[in-house]
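Chains, contacts and geometry: an overview
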Amino acid sequence: MGRKLLIHNDKVPGINTLEVYRAHGGYSSVEKALKTMTPDQVTDEVKKSGLRGRGGAGFPTGLKWSFLAKPEGVARYLVCNADESEPGTFKDRYLMEKIPHALIEGMITSSYALGAKRSYIYIRGEYFYVARIIEQAIAEAYAAGWLGENILGSGFSHDCCVQVGGGAYICGEETALLESLEGKRGNPRIKPPFPAVAGLYGCPTVVNNVETIAAVCPIINMGGEEYAKIGIGKSTGTKLISASGHINKPGVYEIELGLPVEEFIFSEEYCGGIRNGKKLKAVVAGGSSVPILPTELILKTAKGEPRLMTYESLGDGGFITGTMLGSGGFIVMDEDTSIVKNLFTFTRFYHHESCGQCSPCREGTGWMEKVLKKFLDGTAEESDVDLLWDIQSKIEGKTICPLGEAAAWPVAAAIRHFKHEFLEIAKKKKFDDVSHYNRLNKIHA
Amino acid sequence: MGAQVHGTQEFNKSKRAGIKFSDDAMQTVQKIISNYPEGKQKSALLPVLHIAQAEFGGWLSAETMDYVAAVLNIKPIEVFEVASFYTMYNLKPVGKCVLEVCQTSSCWLNGAEDILKYIEKKLGIKVGETTKDGMFTLKTAECLGSCGTAPMLQCGASYHENLTYEKVDKILNDYKAEGKQKNYTDLDYKNTL
């Protein structure tokens, strides 16, 4: 049984209310930070913890905070990225819906460290009802004096607001998010300048994922060094994993980093194995943009070592035989799944979500979707596999923001590991959609 | 589409005559504007467009967008370029209930296509169409963050998850019986698991 630091109280009745959250030790990190620590000491603890951004990129949070420019007389902002949209990822939604005060507590403690008098929680528009839950929690926090003027008599004042988006995956990219928060189209900005220097309204800004901000609370409570003892190497602490697909027990699990992938998929404590007695075929381990891996490579590295749920182990072998922990969106596919059709749903997604600023992404995603559609229609040629490879290679690294990579990587990985499936369809001139046919009736039989 | 026709202020004023936020909505709008520093009221645009869409028939006409521009003291084109970028804003009239069926990976793996076909057959419309009685518009959506409870559909603020054909029957019957326009901003969302 792994330790849980974020959602250990998720089943406690009323934990969404301030009263119950507080009774279970809530807001103690705010007390500790504001009463006994300087802002720099809070940042130091986060540095010591080894916490890495939980949104997908895995950048060290303490380091990101230390980049924040602090010119005299200029406002600084903390912005929470709650624009969770990476296919396969629903952990932030779970955390905000079940324990909204965990996010707000993290916002206050983090804002104290950064010297931010105002913070925004930018939440995807589709999660409107979650925004209501957060707004309710913020109102409770104001009423109890955790937000507003002179919190706990410390002299630190803070305001926190929710902003809903309008439905655009690209706003999960931090500069697109800032554009959107300013009431504009979600077009990513050219960097530099980075948000730490010129972010929201041109002011120094830190943008952190929901889970990252919530993780600051246990880090301050237990101390960065204690937190860093959990996990392996540079993958410290716990991580929320959103498990979905053909597993017996889909849902959000908090794991200690370092858990073997095999245990995560097959143990009763987590996914509970593959549904309907089927065999495992492939896993997308960190949200749609990370490379898909076949069974033999997701359970063990190319060197034959057990694959672990860490940034390093999942990345072992680079993109040739490895993948990424990413956002922790863990999609499991059984033996009947068509990798080609799954890829089509990903590529259609990226085509739909491309903001259109950079032509390699705007045109390339649409082109890839069209070529993949030919496979589903049974009209593809064998040479179309090479064409797909060519297109993805011309998107990667040639765009302002990482959506280009996010769209290219799944295509490259599917071809790298499952080229035979593409060739088989092209040879037969027919796509047998066994993976999907009557799936629903089977599931709910 | 709409907001290209600014230019003649008089024309827009006359067409705008019937478009005005209710007192409650205006209060919410003012509260949202106060969330941002002075002079940064444009930040309120996305949330205010959601309110406008809910208030004025479930979609954003050129007149509605012009009205929002006036309320926020920004140019009409600034409203249109945003409204046309984000998927949640409807720039054409829609049915009272917009059914958005998620179709990305995890939902597809769990039978989203079957759900979509079932709804198409049941309502007698294709994706992108509206039923003759104006009750339902059917859409597909990209990942709505409900992968562990797939397949799913969103209608207004409500998430309907772990869908089966029987659940779809009930959801559609309930919406039809209620007969009300469903908005993202609704406070009385009814999620079903």
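Residues numbered from 1 in each chain as written. Chains lettered and ligands numbered in written order. Predicted model: local features only at pLDDT ≥ 70, side-chain atom pairs only at ≥ 80, totals over all residues.

On to the overall build of chain B. Tallying secondary structure elements over chain B gives eight helices and four strands in all. Across its three principal directions, the C-alpha atoms of chain B cover 50 × 35 × 30 Å. Expressed as a percentage of contacts within chain B between residues at least 6 apart in sequence, the contacts between residues at least 24 apart total 66%. (Helix = DSSP H or I, 4+ residues; strand = E, 2+ residues; numbered from the N terminus. Contact = placed C-beta atoms within 7 Å.)

Turning our attention to unusual backbone geometry. For the bond from A:Pro192 to A:Pro193, the omega torsion is 5°, close enough to zero to count as cis. Looking at the secondary structure, you find A:Pro193 in the loop between helix H8 (174-181) and strand S4 (205-209). The omega torsion of the bond from B:Ala150 to B:Pro151 falls at -5°, within 30 degrees of zero and hence cis. Tracing the backbone through its elements, the reader meets B:Pro151 in the loop between strand S2 (136-141) and strand S3 (153-155). If you check the backbone angles, A:Tyr201 has positive phi at about 55° while not being a glycine. For A:Tyr201, the location among the structural elements is in the loop between H8 and S4. Even without a glycine there, the phi angle at B:Asn73 is positive, about 60°. Mapped onto the elements, B:Asn73 comes out in the loop between helix H4 (62-72) and helix H5 (76-83). The class for B:Asn73 is exposed, based on 10 C-beta atoms found within 10 Å. (Buried ≥ 20, exposed ≤ 12 C-beta atoms within 10 Å, placed from the backbone.)

Attention now goes to the interface of chain B and chain A. Taken together, the contact between chain B and chain A spans 45 residues of the former and 51 residues of the latter. Breaking the side of chain B that touches chain A down by element, the ones donating at least two residues are helix H3 (45-55), H5, helix H6 (105-109) and helix H7 (112-123) of chain B. By residue number, the principal contributor to the side of chain B that touches chain A is H3(B), which donates five residues.

Split into domains, chain B comes out as domain 1 (2-83) and domain 2 (97-178). Computed from C-alpha coordinates alone, the two centres of domain 1 of chain B and domain 2 of chain B are separated by 30 Å. (Domains from an automatic or database assignment.)

Successive residues of a regular strand alternate their side chains across the two faces of the sheet. Residues and elements named next belong to chain A. The sheet contact formed by strand S2 (residues 118-123) and strand S3 (residues 159-164) spans six bridges and is parallel. Within the sheet, the bridge partner assigned to Ile 121 lies in S3 and is Val 162. For the crossover from S2 across helix H7 (residues 128-143) to S3, the handedness is right-handed. (Pairing = 2+ DSSP bridges. Right-handed = clockwise from strand over helix to strand, strands pointing away.)

This part takes up the packing of helix H2 (residues 28-36) of chain A against helix H6 (residues 100-114) of chain A. Residues and elements named next belong to chain A. Here H2 crosses H6 at 15°, and the two axes come no closer than 9 Å. When the interaxial angle is binned, H2 and H6 end up roughly parallel. When the axes of H2 and H6 are compared, the crossing they make is left-handed. From H2, Ser 29, Val 30, Ala 33 and Leu 34 reach across to H6, where they touch Glu 105, Ile 108, Thr 109 and Tyr 112. Broken down by class, the residue content of the contact of H2 with H6 amounts to five nonpolar, two polar and one charged. (Axes fitted to C-alpha atoms, helices over the stretch in contact; angles between N-to-C directions. Parallel < 35°, antiparallel > 145°, perpendicular 65-115°, else oblique. Left-handed = near helix turned anticlockwise from the far one by under 90°. Nonpolar A, V, L, I, M, F, W, Y, C, P; charged D, E, K, R; others polar.)

Here we come to the environment of A:Ser119. Residue and element names in this part refer to chain A. Along the chain, Ser 119 turns up in strand S2. Of the residues examined, Ser 119 has 26 C-beta atoms within 10 Å and is grouped as buried. Taking the C-alpha atoms as reference, Ser 119 lies 5.6 Å from Tyr 77; in sequence the two are 42 residues apart.

In this section: the nonpolar core. Core analysis: the biggest nonpolar cluster contains 195 residues, and A:Val79, A:Leu95, A:Leu103 and B:Val48 have the highest contact counts within it. The element contributing the most residues to this core is helix H18 (residues 403-428) of chain A, with 12 residues. With residues up to four places along the chain from it excluded, the contact list for A:Val79 reads A:Ser119, A:Tyr120, A:Tyr122, A:Leu177, A:Leu178, A:Leu181, A:Leu200, A:Thr205 and A:Val207. (Core = buried A, V, L, I, M, F, W, Y, C linked by C-beta atoms within 7 Å.)

Residues and elements named next belong to chain A. Split into domains, chain A comes out as domain 1 (18-229), domain 2 (232-334) and domain 3 (339-428). Its C-alpha centre places domain 2 at a distance of 23 Å from the equivalent point of domain 3. At the junction of the two partners, domain 2 supplies 10 residues and domain 3 supplies 10 residues. Residue classes in the side of domain 2 that touches domain 3 are distributed as eight nonpolar, two polar and no charged.

Looking now at the sheet that holds S2(A). Residues and elements named next belong to chain A. Read across the sheet, four strands follow the order S3-S2-S1-S4 without closing on themselves; strand pairing throughout is parallel. The open sheet terminates on both sides in strands that have one partner only, identified here as S3 and S4. The mean inter-strand angle of the sheet, taken between neighbouring strand axes irrespective of direction, is 20°. As defined by bridge partners, strand S1 (residues 77-82) adjoins S4 across five bridges and the pair is classed as parallel. Counterpart to Leu 78 in the pairing with S4 is Val 206. Where H7 meets the sheet, its contacts fall on S2 and S3, and the angle it forms with S3 comes to roughly 165°. Sheet strands touched by H8: S1, S2, S3 and S4. Its angle to S1, the strand with the most contacts, is close to 105°.

In terms of residue burial, H3(B) counts as a mostly covered element, since 10 of its 11 residues are buried. Where H3(B) is concerned, the buried positions are B:Leu45, B:Leu46, B:Pro47, B:Val48, B:Leu49, B:His50, B:Ile51, B:Ala52, B:Gln53 and B:Glu55. Where H3(B) is buried, its residues contact S3 and H8 of chain A together with helix H2 (23-33), H4 and H5 of chain B. After H3(B) finishes, the residue B:Gly57 shows a positive phi value of roughly 85°.

What follows is about the pairing of strand S1 (residues 97-102) of chain B. Residues and elements named next belong to chain B. With six of six residues buried, S1 lies mostly within the body of the structure. Residues Cys 97, Leu 99 and Val 101 of S1 are buried on one face, and the alternating residues Val 98, Glu 100 and Cys 102, pointing to the opposite face, are buried as well. In terms of strand pairing, S1 meets S2 through six bridges, oriented parallel. When the sheet's bridge partners are listed, Glu 100 is paired in S2 with Lys 139. Pairing geometry for S1 and S3, over three bridges, is antiparallel. Looking across to S3, one finds that Glu 100 is bridged to Gln 154.

Looking now at the packing of helix H15 (residues 339-353) of chain A against helix H16 (residues 359-377) of chain A. When two helices pack together, their arrangement is given by the angle between the helix axes and the distance between those axes. All names here are of chain A. At their nearest, the axes of H15 and H16 sit 9 Å apart, and the two run at 155° to each other. Classified by the interaxial angle, the pair formed by H15 and H16 is roughly antiparallel. Relative to H16, H15 is oriented so that their crossing is left-handed. Between H15, through Val 340, Lys 341, Leu 343, Phe 344, Thr 347, Arg 348, Tyr 350 and His 351, and H16, the contact on the second element is made entirely by Thr 365, Gly 366, Met 368, Glu 369, Leu 372, Lys 373, Phe 375 and Leu 376.

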